[in-house]
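The primary structure of each chain is shown beneath.
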Amino acid sequence: MIPDAPAPAAGKRKERSASVASAESSLAAEVSSSEKDEADPSPPPPSAATQADDAGSSRLFQPHRSLGLLTASSPSKSNKAHSPSARLFRAHKGKFHLGQHAQSSEETFVAVPLGERFQILTVSKLVPVLVSRALPPSAEHHRSANKGGSGGGDTSGVTSSGQYGGGDEEEMHRAISDSSLQITVATHGPKSLGRAVSATLYARTRPLVCLDAFPFLEGKSRKTRDKWGIVDVIQLGKKRVAMKGEKEGRLENALLLALVCARADNSGEDEGKQKGGEEGVQVVGRDSDDESESSEAEEGAHSSSDSESSNGAGDSSSSSSDESTEDEDATPADDCYGRILLVQAGRTSMEIIKTVDLHGIGANFVPYVGLHPATYVNKILLGGRPSRAAEKGEGEPKGQGGTSMLLVNVRSRKMIHSFRCLANTGSEKTQSAGESEEQCPTITTLAQSPAVDTVAVGTSDGAVHLVNTLHDVRLFTLHHKSNLKRKKGVHAQNAVTSLSFRTDGNATRQGVAPLAVGTDDGTISVWDLTPVEDEHTGITRRTLLTQMEGAHHGGISAIEYLPGEPLLLSTGVSSNSIVLHVFDAPDHSGRVLRQRKGHTSPPTLLRYLHPGLAGGGVLANASDGTDASSCQILSCGGPGDLSLRLFSTARSNLDKEYSQGPGLEKKARKLGMLGPEGRAELLLPEIVGLATSEARSRDWGDLVTIHRNHAMAYVWSTKRGAQSGPVLRQPQWNVSAMKERPPRTAHATSLAISACGNFALVGTVGGVVYKYNLQSGLPRGSFPKDATSLTDEEERRRKKGMKVAGDVGRTMRLLEKHASKGGTMSSDVDKEALDRRNFAEAEAKRQAMVDRAAHSDAVVGIAIDSLNKTVVTAGADAKLVLWNFVTHMPHKKSPIKLPSPARKMAHVRDSDLAAIAMHDFGVAVFDCSSLAIVRYFGGGSCKGASAMSHTGPISDLHFGPDGRKLFTSSLDGTVRVWDVPTGLCVDWMSFSSPPTSLALSPTGEFLATSHAGRLGISLWCDKTFFRMVLLDGTTKEPARMNEPCPVAECEQEGASDAKSHAIQSIVAQKDDAAFGDTNGDADNDGTPPQAKEEGLITLSGLPPAHWKNLFHLELVKERNKPTEAPQKPPQAPFFLQWRRGLESGTDGMAADPAKEGAGNEPAKKDSDGWDAVWSDDDADEKDEGDNEDAGEEGATAEGKGKQSTQNKRRKVVHHRSKLAESLQTCSDAKGTAPAGEAFSDVTSYLSTMGPSSIDVEISSLCYGIHDLEVGLPLLHLASMWLLEACESHQSFEAVNAYLHRFLHVHGNVVTRLDQALQDETSEEEARDGEHQKEIQEFIATIAQLREKQKEASNRLQGKMQHSICLLRHLSRMV
């Protein structure tokens, strides 16, 4: 742990922190006032990039959430990833952070970086409970580092063609959260830069402070800027620090972190340029130099373990070193390749309190990873590799060789020890082209063992060393070989990426000491560190308990055992998955307990499962989309990912992968195919098309897929989630890969399923469409009819003349035989010749029509009408052909020539419209009923195509549920929404990455898109479902859309959970309001609409249930009233205990008054304790303590009883309700408020409440005629408010509902005021003259209110009557 350190005195640091100080001072008040709520603080963000987090909406759609994105996965690593410079900044990128101090997995949380955000998941269910906002941008000199050169970031903005070029996005590398999840520190940098250069403090989900880790790089050359980055983050613990703002003087727990920074050693230009005479890190000594006991006593007060005897290294003096504080703005020396930044992060502020440069004996050392050893106070263990200069023996002080591990005291800035036990431990390495030789292996990971002074060290050559840090001794080494082989047949380097020790009691009872090792090839090896001596050789060895090959695609990113449990959490470099393994088998093998996986390559095809009427659903639940299928998306992986996955838009734990056959892993191991790559060889090729039908989903398969460069189609069962149906193929096609495969012209390109769910049509490259039966998988002809060749069995039957049941020709021949009379007549011979000639002519015409209609190129789209009468096919030969579904003959008007070759086709069965995307970037809408093209959207055939057309190939298109809207996505980075009746482009969305596919939900509420280079699925919600959107004209420019982020999913298992979920939603809405809405949409500003002209009325825009239920509130209460009290079950099982509610009168609750009075004290104490938890003011606690003391003194003396009672009462002015308080406040400020807006806050307040709450607020103004002394002024203020609201004509329907409820509740009091005045005596009249005046003023206000209401009602009725008469007159004219 790190003790309190003096604040840095450098002038540059003060200047650099000035920009953050202003933000912190303004945030302190809001954060301190909201600390009593366990919700996100709501200070304004420090940057404009964070403000744009809620922006990015178009006219119709706004970001909703993303699916299938679990970790910050990166592309598959190349050979360059094995080089030291490449591994430096990628070794710890995207690693998760497991929360400590948890009692069980139910209370353990894990923070996972996710692009521009981080998410926190519960380990028990792997469900996200918190998702942060986007990162603020790094400093300008970092973001401009890669601009203008190759590989630089794209220029942001929308081009003239409507294509968004993207910008330099931020990418999070690590996220460290405290145990309470209140604050999180994230390291990040520009995505194009590839390394972390900044640290940002998050208060729950909102970024507060962003620190630049390398301010000295400003103004430096690009070559210098590209070398420095943050390679690791070490959590040191917590310490008590003083708070700022309103709570100045109070203490809080601050998170202490050490940022390990390194400079890449990727060139030899700087070798031998070390400057002499610079002050470096002092060399104190080796293990024999210990710190003084007095210094350790001070430091141990802030540490979790005060074990001076176990601390094997220290420094003798630190006070003198603290005075010479280094500045992080200072440029490190040329021989300095590492720097440590000590960061102190509180709830409202974060600052760098100390900087440690690796000089002197630490020079020419490149740090890769860091560790805070247990019981080592203020010590950090650094692992890495020596620089190239040190490997060559240049620039190393005192002639010492290069080192790979250092022990540094971060308080005194002294290098304690350089470990020599790891020197010359590298094994012989084989090299490939382009790789540089490493004389010393790189330390890639460190792990603290349960034993003190012992750490596990993982290296880049696949070795794991157990090292005693107290005596600098290597205990033993474990070696790992890679299962992946290179082209030359030599084993590749298998770097160790992560280590973790198992600490649960089961392992101890079984006599094993497991160590989990994750390597570069995706294998997790579990070793037993218990020494076992060989009986023959006498050599002590360690046992390999189990090995999980191919646990993650692309290599292991991080593994960690849960404290005290046999559970191992693991993530991959590019697997986009989080897996929880459990080790409960007798042979110590592991199995997957829980996992969440996504695509490992960007998905290329999206479709909703059973898309309702738009896709031909026939069941009742499919017609309205209310079943679960409306929340399920089928997604097909791109190249390298051959999976078919199902994602749920409601619950992420329902996501799953469809099985392609049982026991694939077992078959792969049997055939020697190791890892995910071996399993992929047994999978089907990449899916290029799919179709679903819900009609017969209970009987047989309801999902059919076609695959790239593959002729056969496969039937799946969505109910079983597996490929279990027949293979759709022609009989002459060979299934075995060992035989001749079908020709290339038979490769499938398009697919469709009939509405009845019995048939599937598959289009091919050669232009033929094959028809199959889904139940049996047998072929049922083709389009055109004669394209299907006879099978061997049919050919054998034809040659032998065998009779086939159902042969129409055989039946005709029998009829002709029985109809003939006598022998053959001359007329019969002439008739037969004529028939043959007519048949030949008809056959020639038929063949000519078929040849004219048949496709000469690939069939790219197929559609079947709802009655199975017509089949529509679109081809790459610019033909649109209509076929008869039964006879397989083309329509007489076929083919219909398209302006350009087709690419894709979408069909809606309700309106029988087909949309064809063409090569000229346009879309043609074909009406299958009138056999004509009725609309052109873009392309060369559309007028004004330059303003409305896509500028790139159309990747996908889809109709809306009602068929009135058409959605098209293009590789120009845009999605357009076309209104089919008017032919206008009503929405135009631009994305940073081109969309590759889109799908619309059965209800039309959500639009799902997949994008190039993104593993997740973006979900957008339609604004028209929850607000009114005016589509007036076409959009002139595209709307830049922000990428949606994952959402936190809270489990609602009870009322309390539902309440907490509602509170979180409310807090999130408040945060959004405080954060600022940058959409530019006037409908989102939260203010009521204003009348365009004076005298017009406006509506409130509130839900109808808000004000309609006020008229029938008594009826609603009567219906909701319980019919009888809850009764105890007559025969309840013994394990179901019965107890009444807290408010019911039970025997146990009915105690004598004395005991009841005594029993109220604990309840009061509990309430006070609960208030104390939420209290945020120390003065209240002090006053409460004083009150308790005063109460004790008052109990001893009777004369002081009244005084103690008065002391216990808080002198706070309170009102009956919030409405009464608001009325009084508005009345007091009436003189300063604008005319007609004095009581506007009252209307706004009631608009946020429900009908029952409004009734309670209005009823609490006055409790009856006996309450006129207090209630009459409130009734008068309420009448003045209603009078002003009626005169303003604002929120007309809501104000009238409030007025109705006011008169319904207090009408009896208003009518009895005259009787109350007559009953008063003359003395009371003389004494209460002012009271009588208040009654008269109230009656006058009520009279004015009546006149205004009557006037408004008459005016509205007149307008309505005028409109009705006008409509009646117009209807008679038609």
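Residues numbered from 1 in each chain as written. Predicted model: local features only at pLDDT ≥ 70, side-chain atom pairs only at ≥ 80, totals over all residues. Heavy atoms only, no water.

## Here's the deal with the overall build of the protein
Piece 1. Helix and strand counts for the protein come out as 31 helices and 57 strands.
Piece 2. Counting all 1374 residues of the protein, 48% fall into the buried class.
Piece 3. Within the structure as shown, the protein displays about 66,800 Å² of accessible surface, and the carbon and sulfur contribution to it stands at 51%. (Helix = DSSP H or I, 4+ residues; strand = E, 2+ residues; numbered from the N terminus. Buried < 20%, exposed > 50% of the residue type's maximum accessible area, 1.4 Å probe, protein only. Areas by Shrake-Rupley, 256 points an atom, 1.4 Å probe, with all protein chains shown as cover.)

## A short note on the packing of aromatic side chains
Piece 1. Enumeration according to the criterion identifies 14 aromatic pairs in this entry.
Piece 2. Seen from their ring centres, Phe-118 and Tyr-202 are 5.1 Å apart, and the 85° between their planes marks the pair as edge-to-face. Separated by 84 residues along the polypeptide, Phe-118 in strand β4 (residues 117–122) and Tyr-202 in strand β8 (residues 198–203) bring together distant segments of the chain.
Piece 3. For Phe-118, a relative accessible area of 0% translates into the label buried.
Piece 4. Given the relative accessible area of 0%, Tyr-202 is considered buried.
Piece 5. Ring geometry for Phe-783 against Trp-883: centres 6.0 Å apart, planes inclined by 65°, an arrangement best described as edge-to-face. Of this pair, Phe-783 sits in strand β41 (residues 779–783) while Trp-883 sits in strand β44 (residues 879–884), and the two are 100 residues apart along the sequence.
Piece 6. A relative accessible area of 2% means that Trp-883 is categorised as buried. (Phe/Tyr/Trp six-rings, centres within 6.5 Å; stacked < 30°, edge-to-face > 60°.)

## So, the confidence of the model for the protein
Piece 1. Across the protein, the average pLDDT comes to 75, with 68% of residues at 70 or higher.
Piece 2. Under a pLDDT of 50 for its full length, residues 268–325 has, in the predicted model, 111 contacts with residues more than four places off or in other chains.
Piece 3. Counting interchain partners and residues more than four positions distant, the pLDDT-below-50 stretch residues 1051–1086 has 42 contacts. (pLDDT = per-residue confidence, 0-100. Contact = heavy atoms within 4.5 Å.)

## Focus: the pairing of strand β3 (residues 109–114)
Piece 1. A large share of β3 lies buried, amounting to five of its six residues.
Piece 2. Both strand β2 (residues 97–98) and β3 contribute to a ladder of two bridges, which runs antiparallel. The partner of Leu-98 across the bridge, within β3, is Val-110.
Piece 3. Across six bridges, β3 lies against β4 in antiparallel orientation. For Val-110, the partnering residue across the bridge sits in β4 and is Leu-121.
Piece 4. Remark: two residues form the turn of the hairpin made by β3 and β4, two consecutive strands paired antiparallel; Gly-115 in that turn has positive phi of roughly 70°. (Pairing = 2+ DSSP bridges.)

## A word on the pattern of salt bridges
Piece 1. Inspection of every chain in the model, using the stated rule, returns 14 salt bridges.
Piece 2. When the shortest N-O distance is used, the salt bridge between Arg-708 and Glu-686 registers 3.2 Å. On the criterion of sequence distance, the pair formed by Arg-708 in the loop between β35 (703–707) and β36 (713–716) and Glu-686 in the loop between α13 (675–680) and β34 (687–692) is long-range, its members being 22 residues apart.
Piece 3. Of the residues examined, Arg-708 reaches a relative accessible area of 43% and is grouped as partly exposed.
Piece 4. Classification of Glu-686 as buried rests on a relative accessible area of 10%.
Piece 5. The partner of Glu-1114 in a salt bridge is Arg-1301, and the shortest N-O contact between them spans 2.5 Å. Here the residue Glu-1114 occupies a position in helix α20 (residues 1113–1120), and Arg-1301 occupies one in helix α28 (residues 1292–1311), the gap between them amounting to 187 residues. (Salt bridge = Lys/Arg side-chain N within 4 Å of Asp/Glu carboxyl O.)

## Observations regarding the sheet that holds strand β47 (residues 913–918)
Piece 1. The four strands are arranged β46-β47-β48-β49 in an open sheet whose pairing can be described as antiparallel. Either end of the sheet is taken by a strand with one partner, and the two such strands are β46 (902–908) and β49 (932–937). Neighbour-to-neighbour, the strand axes of this sheet turn through a mean angle of 25°, independent of strand direction.
Piece 2. One ladder, built from five bridges, connects strand β48 (residues 923–927) with β49; its direction is antiparallel. (Axes fitted to C-alpha atoms, helices over the stretch in contact; angles between N-to-C directions.)

## Points about helix α24 (residues 1218–1228)
Piece 1. Where α24 is concerned, the buried positions are Leu-1219, Ala-1220, Ser-1222, Leu-1223 and Cys-1226. Here the buried residues of α24 occupy an arc of 165° about the axis, which is enough to place them on one side.
Piece 2. Next to the buried residues of α24 lie α25 (1240–1247), α26 (1251–1259) and α27 (1268–1288). (Arc of directions from axis to C-beta.)

## Some thoughts on the sheet that holds strand β39 (residues 759–764)
Piece 1. Read from one edge to the other, the open sheet built from four strands follows the order β38-β39-β40-β41, with strand pairing classed as antiparallel. Of all the strands in the sheet, just β38 (748–753) and β41 have a single pairing partner and so form its edges. Strand-to-strand twist in this sheet, taken as the mean axis angle between neighbours without regard to direction, amounts to 20°.
Piece 2. Here five bridges tie β39 to strand β40 (residues 769–773), and the two strands are oriented antiparallel to one another. The residue bridging Phe-759 from the neighbouring strand is Asn-773, located in β40.

## Focus on the packing of α27 against α28
How two helices pack is summed up by the angle between their axes together with the distance between the axes.
Piece 1. Closest axis-to-axis distance for the α27/α28 pair is 11 Å, and the angle between their directions is 150°. The angle between the axes of α27 and α28 places the two elements in the roughly antiparallel class. Judged by the sense of rotation from one axis to the other, the crossing of α27 with α28 is left-handed. Contacts between α27 and α28 involve Leu-1268, Leu-1275, Ala-1278, Trp-1281, Leu-1282, Ala-1285 and Cys-1286 on the former and, on the latter, Val-1295, Tyr-1298, Leu-1299, Phe-1302, His-1306 and Val-1309.
Piece 2. Counted by class, the contact of α27 with α28 contains twelve nonpolar, one polar and no charged residues. (Parallel < 35°, antiparallel > 145°, perpendicular 65-115°, else oblique. Left-handed = near helix turned anticlockwise from the far one by under 90°. Nonpolar A, V, L, I, M, F, W, Y, C, P; charged D, E, K, R; others polar.)

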